[in-house]
Amino acid sequence: MTQVRLDAAGINKLKALDDALLLLQRFNGLVEQYALALKREQPASVYVQNVRRQLPTLAENLRSHFGSISDIAIAVNLAASRGASEVMRLRVLREGVAQIRQAMDIAIIQTKAKHAIEETDQGAAQSGES
């Protein structure tokens, strides 16, 4: 029976992705609070400011290992700062969250596949020989 472990680089990359997933969850919560504020016709500028503060942090955490995901986060931040209507801004933010999450899921799968180290159990190898 084989066990799959990750090498040191893979562990570091997965740690960076786990931290980024936590930031993405916080970012998604802010986007949904923004959506509720728009629906209730409450002031929403506070949420936009918080969203625009979170995205550069997310991008910076991913820049060292995952530059393409970092670029997506920066593009979403840029699109959120454009002078569109609030509904369009919300749509861009929701689509951005989905793009970043999808890219992170793909990066997790690829990192596990690329940095896998297979080890065989000694007991299973010995019993298979006899």
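Residues numbered from 1 in each chain as written. Predicted model: local features only at pLDDT ≥ 70, side-chain atom pairs only at ≥ 80, totals over all residues. Heavy atoms only, no water.

*Asks:* Help me out: how do you make sense of the overall build of the protein chain in this one?
*Replies:* Regarding its fold elements, the protein chain presents five helices and two strands. Across the protein chain, helices and strands are ordered from the amino to the carboxyl terminus as β-α-α-α-α-β-α. A fraction of 75% describes how many contacts in the protein chain between residues 6 or more apart in sequence connect residues 24 or more apart. Put simply, the protein chain shows about 8,200 Å² of open surface, and 52% of that area lies on carbon and sulfur atoms. (Helix = DSSP H or I, 4+ residues; strand = E, 2+ residues; numbered from the N terminus. Contact = heavy atoms within 4.5 Å. Areas by Shrake-Rupley, 256 points an atom, 1.4 Å probe, with all protein chains shown as cover.)

*Asks:* Would you take a moment to explain helix α3 (residues 67-80) for this structure?
*Replies:* Two residues of an α-helix separated by three or four positions point the same way, owing to the 3.6 residues in each turn. Here α3 contains 14 residues, and its C-alpha end-to-end distance of 20 Å stays within 8% of the 20 Å for a straight helix at 1.5 Å per residue. Contact partners of the buried residues in α3: α1 (8-39), α2 (45-63) and α4 (86-114). (Expected span 1.5 Å × (residues − 1).)

*Asks:* I would appreciate a short explanation of the pattern of salt bridges in the present structure.
*Replies:* Pairs can form between side chains of opposite charge once their charged atoms are near each other. Tallied over the full model, the rule gives three salt bridges. Lys15 serves as the salt-bridge partner of Asp19, at 3.3 Å between the closest nitrogen and oxygen. Taken together, the positions of Asp19 and Lys15, both in helix α1 and four residues apart, correspond to about one turn of that helix. Overall, the relative accessible area of 48% leaves Lys15 in the partly exposed class. (Salt bridge = Lys/Arg side-chain N within 4 Å of Asp/Glu carboxyl O. Buried < 20%, exposed > 50% of the residue type's maximum accessible area, 1.4 Å probe, protein only.)

*Asks:* Got a minute to help me understand the packing of α1 against α4 in this structure?
*Replies:* The relative placement of two packed helices is expressed as an angle between their axes plus a distance between the axes. Closest axis-to-axis distance for the α1/α4 pair is 10 Å, and the angle between their directions is 165°. Taken together, the axes of α1 and α4 are roughly antiparallel relative to one another. The handedness of the crossing between α1 and α4 comes out as left-handed. (Axes fitted to C-alpha atoms, helices over the stretch in contact; angles between N-to-C directions. Parallel < 35°, antiparallel > 145°, perpendicular 65-115°, else oblique. Left-handed = near helix turned anticlockwise from the far one by under 90°.)

*Asks:* Teacher, can you tell me more about α2 here?
*Replies:* Given a rise of 1.5 Å per residue, 19 residues ought to cover 27 Å, and the 28 Å separating the end C-alpha atoms of α2 matches this to within 8%. The set of residues buried in α2 consists of Val48, Val51, Gln54, Leu55, Leu58, Ala59 and Leu62. The buried side chains of α2 occupy one side of the element, clustering within an arc of 140° when seen end-on. In α2, the exposed positions angled more than 90 degrees off the buried face are occupied by Arg53 and Glu60. Looking at the buried residues of α2, the elements they touch are α1, α3 and α4. (Arc of directions from axis to C-beta.)

*Asks:* Would you mind going over the side chain of Arg89 with me for this structure?
*Replies:* Of note, Arg89 is situated in helix α4. A polar atom in the side chain of Arg89 sits 2.9 Å from the backbone oxygen of Ala80. Arg89 has contacts with Tyr34, Val48, Ala80, Arg82, Gly83 and Ala84, leaving out every residue within four places of it along the chain. (Polar contact = N/O pair within 3.5 Å; in protein donor to acceptor, adjacent residues only side chain to side chain.)

*Asks:* I tried to follow the nonpolar core on my own but got confused; where do I start?
*Replies:* Generally speaking, soluble globular proteins have nonpolar side chains that are buried together. Counting 32 residues, the largest nonpolar core has Phe27, Leu58 and Met104 as its most contacted members. Listed by contribution, the elements that provide at least two residues to this core are α1, α2, α3 and α4. At twelve residues, α1 tops the list of elements feeding residues into this core. (Core = buried A, V, L, I, M, F, W, Y, C linked by side-chain atoms within 4.5 Å.)

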